[in-house]
Number of protein chains: 2
Amino acid sequence: MKNIGFIGTGIMGKSMVENLMKAGYCVSIFTRTKEKAEDIINKGAIWKESVAECVKDADAVITIVGFPKDVEEVYFGEKGILANAKKGSYIIDMTTNSPKLAEKIYQEGTKKGLHVLDAPVTGGDIGAKNGTLTIMVGGEEEDFKVCYEIFQAMGENIVYEGNAGSGQHTKMANQIVIAGTLTAVCEAMVYAKNVGLDVKQMMDTIKTGVAGSKQLEVVAPRILDNNFEPGFFIKHFIKDMGLAKEEAVERGIHLEVLEKVLDMYQTLEEDGKGELGTQAIIQYYK
Amino acid sequence: MKNIGFIGTGIMGKSMVENLMKAGYCVSIFTRTKEKAEDIINKGAIWKESVAECVKDADAVITIVGFPKDVEEVYFGEKGILANAKKGSYIIDMTTNSPKLAEKIYQEGTKKGLHVLDAPVTGGDIGAKNGTLTIMVGGEEEDFKVCYEIFQAMGENIVYEGNAGSGQHTKMANQIVIAGTLTAVCEAMVYAKNVGLDVKQMMDTIKTGVAGSKQLEVVAPRILDNNFEPGFFIKHFIKDMGLAKEEAVERGIHLEVLEKVLDMYQTLEEDGKGELGTQAIIQYYK
């Protein structure tokens, strides 16, 4: 496989396109606002005027867009992927997306002779940039094997999780963990500040022990620097947590910590903070 | 310093006594139930019949008992530490204890010419056994320096946090982090099982990414093995979270995730599960 059609060049997508080009792939791109893609166009990505144009000659199509409604649009519209992709090509949705929608794309795509995988990622902006993403893949195992080299250009920990939707379900589990972990770290920081501890020293002390986590090591220091820039947008995290909650509730389960954290983030979004990074949850306590 | 009086030889205390003896200290011990200490008595710890006997000749006294009321008792009773310790000796409470009580011991102890430190630990049963505990110390910095060698026998990450009570406050922050992190990991496991993922594979996939934590790596596998033995008792965790909540609420702060997790654990304790390990929080979802 040589030609990749890539749709959605946001924070994550741009770095992924760069890494695909470094690995030798020809990458055509489409995203909603061309201006925002100019840096990677200058680096060699080929601009296409529509989704249809972007996918029609591609051996593999990769999408990483914002919300399930965006996924619906790029896949199922008249000018969308399923109507325009080359028969036999590989279609990989790397958006964190509804597991149900992943299954629907798989079913409809399969009918049209396409090989469909759901392959959401984790590792954030830094992982995308360094090509060290974790990629969680659902679909047919054969298709996973064919696309393994493509995944290797973008990630390091690449795992076949099972049937269509299993990549998304694994990502949901990942987001459930992050929801509680990050908020817990923030609560400890709020506590430490209010009781008069040196917050950074507290973090340095506990991070090597059983309280240690990547959120504490990587995300929390941004809070100390008053850096609320989005490595990962609150609005996207709310979408993910909402999907996870919905899947759980349908099965009669209440993930109470997840639901609490989701409520807290929704409060922040109502306060106009949806465009901040997830670490801004600390502002909930102010 | 050579002679240590050690009070409280539970899961943690026993391993700490062993490590002190390995480092060359003479350790006298007292604990509520002598039978439970017989293994370390056989290894060379000297049994004393009372707190007073245990501390009267000690250069340094270490306590690690269950609850603040136990701390009150061993410190402030007529036969307690403050009334019987040798003038000029070092008094180190390693129980996870109320910061307020730590300050009180410091104040009363100082009046009697004792050097008082609060020095709670983290690292669990494994850290205690391997001598790799994190030790968070509050009190006078001079006293911390004098006791550094003693701490080195039991731990690796040994940090002076500030005034009396600061060790306890740092430990509170640590427990706040663990509360949310462990529960989040459990919720992801519950989710994964219910949507039909391979739970262990999900954990292996996400643990190297931004969802990674010590709780996920070290504690969660016990759940997969259906091992609910106490590395750390639920009843003690409830005590710690209660202390943290109280300190926060006094300062007008609601740590909502902490409060939610505390409620969940209290439900388990009401169901008679206070003697299980903290990982048994997964049973809340059954």
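Residues numbered from 1 in each chain as written. Chains lettered and ligands numbered in written order. Predicted model: local features only at pLDDT ≥ 70, side-chain atom pairs only at ≥ 80, totals over all residues. Heavy atoms only, no water.

Draft legend 1. How the structure looks around the packing of aromatic side chains. Counted by the stated rule, this structure contains 14 aromatic pairs over all chains. With 5.5 Å between their ring centres and 40° between their planes, Phe144 of chain A and Tyr160 of chain A make a pair best called tilted. Of the two residues, Phe144 of chain A is situated in helix α8 (residues 141–146) and Tyr160 of chain A in strand β9 (residues 155–162); the sequence distance between them amounts to 16 residues. Just as Phe144 of chain A is buried, Tyr160 of chain A falls in that class too. Taking the centre distance of 5.8 Å and the plane angle of 35° together, the rings of Phe30 of chain B and Trp47 of chain B count as tilted. Residue Phe30 of chain B is found in strand β2 (residues 26–30), and its partner Trp47 of chain B is found in strand β3 (residues 46–47); the two are separated by 17 residues along the sequence. Both residues of the pair, Phe30 of chain B and Trp47 of chain B, belong to the buried class. (Phe/Tyr/Trp six-rings, centres within 6.5 Å; stacked < 30°, edge-to-face > 60°. Helix = DSSP H or I, 4+ residues; strand = E, 2+ residues; numbered from the N terminus. Buried < 20%, exposed > 50% of the residue type's maximum accessible area, 1.4 Å probe, protein only.)

Draft legend 2. Helix α1 (residues 11–22) of chain A, seen in detail. Counted at 1.5 Å a residue, the expected span for α1 of chain A with its 12 residues is 16 Å, and the 18 Å between its end C-alpha atoms agrees. Downstream of α1 of chain A by a residue or two, Gly24 of chain A has a phi angle that is positive, lying close to 100°. (Expected span 1.5 Å × (residues − 1).)

Draft legend 3. View of the pattern of salt bridges. Evaluated as defined, the whole model comprises 36 salt bridges over all chains. One salt bridge connects Asp39 of chain A with Lys14 of chain A, and the closest N-O pair in it is separated by 3.3 Å. Of the two residues, Asp39 of chain A sits in helix α2 (residues 38–42) while Lys14 of chain A sits in helix α1, which places them 25 residues apart along the sequence. For Asp57 of chain B, the salt bridge is made with Lys56 of chain B, and the minimal N-O distance between the two is 3.3 Å. In this structure, a network of salt bridges that share partners links the residues Lys100, Glu246, Glu247, Glu250 and Arg251 of chain A. (Salt bridge = Lys/Arg side-chain N within 4 Å of Asp/Glu carboxyl O.)

Draft legend 4. Spatial organisation of the interface of chain A and chain B. On the chain B side, the residues contacting the 58 residues of chain A number 58 residues. Where chain A packs against chain B, one counts 2 salt bridges. Note that Glu256 of chain B is salt-bridged to Lys260 of chain A, the shortest N-O span being 3.0 Å. Where chain A meets chain B, there are 30 residue pairs in polar contact (both at pLDDT 80 or more). Every element with two or more residues in the side of chain A that touches chain B is listed here: β8 (133–139), β9, α10 (166–195), α11 (199–206), α12 (214–224), α13 (234–250) and α14 (256–270) of chain A. If one sorts the elements of the side of chain A that touches chain B by residue count, α10 of chain A sits on top with 20 residues. Tallied by class, residues from the side of chain A that touches chain B come to 30 nonpolar, 20 polar and 8 charged. (Contact = heavy atoms within 4.5 Å. Polar contact = N/O pair within 3.5 Å; in protein donor to acceptor, adjacent residues only side chain to side chain. Nonpolar A, V, L, I, M, F, W, Y, C, P; charged D, E, K, R; others polar.)

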